[in-house]
Amino acid sequence: MSSQTLASQERQRSRQACVPCRQRKRKCDGSLPCSTCSGYGYDCEYKEVAQQRSSKRRATSEGSLPKTKSARLSAEPGDNPAVPSQQGILEPSKQRYVGRQSSVAFPRLVGLDVQAENPPRLHSFAYNAGIRREPECTVNFQVANHVSWDTAKSLVEVYISAIHPVFKFLDGDQLYKRGEEHWHGNAQGSSFEAVISGVIGLASLFRGTLGQEREMRIVRHAKDILEDYYVARSPSIEQVAAWILRTIYVRATSRPHIAWLCSCTMMHLVEATGIQHEPGSIVLPGIGTSRSSGPSDYVKRIGQVAECLHILIAYDYGRSVMNLSLHTQEPVCFPMSDIDYTPQLCQLIQAMPVGNMTRDSLVGSQQLVLALKRVSSIHLDHDFLVLVQTDLLFCLYRRLRLVDFHFQQEQLDQVIGSGTGALEAARRLVNENQPWWNVLGTVFQFVCVLLAIDSPASLTKLPESTKVLEMIADRLNTHLANEALITARQLIRASMDKKRKGLMCLERALGEGASSRTIG
């Protein structure tokens, strides 16, 4: 009798599972709120079984046809027919997001279709033969053994003050708290190790605290974690955050091709964790969450920052864009008192034509011209973003120039005005020892743009832009900075020689003594 009662209670709990647990196929204890929703922060609610059954009976009596087999495969039991089905399934234990059309998800959907008591879990059934065992984690280096907590804490402070306001996707308080625990025996996991190593590496780049060799060793340590087979098999939001940090570092220190590849890997990981979908429809534990904003805000912000960074790198380098449309969403705004310029970064990228760029020269030119106007009209409060704005305008100018677009003076004035403002922004950043990747590149590109426009209005800006470029090259004193200055001077001399040849041709056309003759 007691076993029948227990079985009845189990069946009752199954029928009365809350809506979030039904959608995610998780066990529900029938409480309000249930333990699952309490743990993940979902809105726990129940729908009356009798009401659902009566609605189904009404639908059948009104002549509705039963579901076909394909329809049953596209919706799991408990889904509301009025709500579109989820586009994929997330493995809560490994946080891998897969589409419903994938071979990995298909066995589970078939199990649900045939009403199996225990539908197959998401696993690589027959994906390969499994003839070799999977390798274990090979990362042995630990950042806490090579950098003291006092040094790490000071570098976190540098990161929070210099980099965090522009790329704000981590919770600074949680970063301090978890870092201290990580250094004092309570390890926070390999993914957090990659995050904190990325923070330390970027902060050292801006302040030079660790020296180049130690800094590069810690940056390679973060790379080793992110590329380790054992770690990568279970993607997480923390890994996306660590890839953002790595991409920023590589963009500032390495070749453009490597930076673009890093940004592509970062975006594939965004897709693998399902960040591009609404937070309420999938299970996604957040990194660095706070009670005021909730996990979903930081998860969404991480996705937006990742895509903005990827688009910025791809546009500047002329490579393809992996567009998940995260940047088109309303930028996440945190109800905090500290400075946050990331929404302005999102506005800049939103103004750029990313998806569905037509190859038709006329229509494509119109899109670029509209983007030129939108980007130039955005007000910015950080010098780095002023340089980003100018970089984007230069990207648009180069593309329009390649299709022989006839610029109006107003459009050229927008490009020249933005470049002029970027000169002062670059000067201030260099004086503040903030080596953002475009403090040199934007000024050098401005010299090239002025020579390409080749008008009195543009050429009058050459002396000032060259002077700023000389100052930056002198302060940085690197091979690429000196080479940029040498190249700019060569281009100016070549332009001057071209104009001299043209002037000589004009003088010969007048002939000797033409200056002494007068028109009667």
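None of the values given here were measured: they were computed from a predicted structure.

Criteria and thresholds
- Residues numbered from 1 in each chain as written.
- Predicted model: local features only at pLDDT ≥ 70, side-chain atom pairs only at ≥ 80, totals over all residues.
- Heavy atoms only, no water.
- Helix = DSSP H or I, 4+ residues; strand = E, 2+ residues; numbered from the N terminus.
- Buried < 20%, exposed > 50% of the residue type's maximum accessible area, 1.4 Å probe, protein only.
- Contact = heavy atoms within 4.5 Å.
- Areas by Shrake-Rupley, 256 points an atom, 1.4 Å probe, with all protein chains shown as cover.
- Expected span 1.5 Å × (residues − 1).
- Arc of directions from axis to C-beta.
- Polar contact = N/O pair within 3.5 Å; in protein donor to acceptor, adjacent residues only side chain to side chain.
- Phe/Tyr/Trp six-rings, centres within 6.5 Å; stacked < 30°, edge-to-face > 60°.
- Lys NZ or Arg CZ within 6 Å of the ring centre and 35° of its normal.
- Salt bridge = Lys/Arg side-chain N within 4 Å of Asp/Glu carboxyl O.

Asks: Any details on the overall build of the protein chain? Residues and values, ideally.
Replies: Within the protein chain, the regular secondary structure consists of 22 helices and two strands. In the protein chain, buried positions account for 44% of the 520 residues. In the protein chain, once contacts between residues fewer than 6 apart in sequence are set aside, the share between residues at least 24 apart is 67%. Of the roughly 28100 Å² of accessible surface on the protein chain, 51% is carried by carbon and sulfur atoms.

Asks: Kindly report on the environment of Pro343, identifying the contributing residues and their values.
Replies: Considering the arrangement of structural elements, one finds Pro343 in helix H15 (residues 342–350). Taking C-alpha positions, Pro343 is 5.4 Å from Pro331, a pair spaced 12 residues apart along the chain. With residues near it in sequence (within four places) discarded, Pro343 still touches Arg301, Pro331, Val332 and Cys333.

Asks: Tell me about helix H8 (residues 172–183), and name the residues and values.
Replies: Because each turn of an α-helix spans 3.6 residues, side chains separated by three or four positions in sequence point in the same direction. If you check H8, its first and last C-alpha atoms are 16 Å apart, about what 12 residues at 1.5 Å a residue would give, namely 16 Å. Every buried residue of H8 is accounted for by Gly172, Leu175, Arg178, Gly179, His182 and Trp183. Mapping the buried residues of H8 onto a view down its axis gives an arc of 130°, with all of them on the same face. Elements that come into contact with the buried residues of H8 comprise helix H7 (149–162), helix H9 (190–207) and helix H12 (237–253). Capping the start of H8, Asp171 holds a side-chain oxygen 3.0 Å from the backbone nitrogen of Asp173, two or three residues further along. Following H8 by one or two positions, Gly185 has its phi on the positive side, about 100°.

Asks: Account for the packing of aromatic side chains, naming residues and giving values.
Replies: Applying the stated rule across the entire model yields 11 aromatic pairs. Each ring, one from Phe206 and one from Trp436, has its centre 5.0 Å from the other, and the planes form 80°; the classification is edge-to-face. Of this pair, Phe206 sits in helix H9 while Trp436 is found in the loop between helix H18 (409–431) and helix H19 (438–453), placing the two residues 230 residues apart along the sequence. Classification of Trp436 as buried rests on a relative accessible area of 3%. Residues Trp436 and Trp437 carry aromatic rings whose centres are separated by 6.3 Å and whose planes lie at 80° to one another, so their mutual orientation is edge-to-face. A residue is classified by how much of its surface remains accessible, and Trp437, at 11% relative accessible area, is buried. The rings of Phe167, Phe206, Phe384, Trp436 and Trp437 are connected pair by pair, giving a single aromatic cluster. When the ring centre of Phe141 is taken as reference, the NZ or CZ atom of Arg217 above it lies at 4.1 Å. In this structure, Arg319 packs its charged tip against the face of Trp260, placed 4.7 Å from the ring centre.

Asks: Describe in detail the pattern of salt bridges, supporting the description with residues and values.
Replies: Where charged atoms of side chains with opposite charge meet at close range, the side chains can pair. Using the criterion set out here, one finds 10 salt bridges in the structure. Here Lys223 makes a salt bridge to Glu227, at a shortest N to O gap of 3.0 Å. Pair noted here: Lys223 and Glu227 are both in helix H10 (residues 212–227), with a separation of four residues, about one helical turn. A residue is classified by how much of its surface remains accessible, and Lys223, at 27% relative accessible area, is partly exposed. Residue classification places Glu227 among the partly exposed residues on the basis of a relative accessible area of 47%. In this structure, the salt-bridge partner of Asp316 is Arg398, at a minimum N-O distance of 3.6 Å. Pair noted here: Asp316 is in helix H14 (residues 295–317) and Arg398 is in helix H17 (residues 383–402), with a separation of 82 residues, a long-range link.

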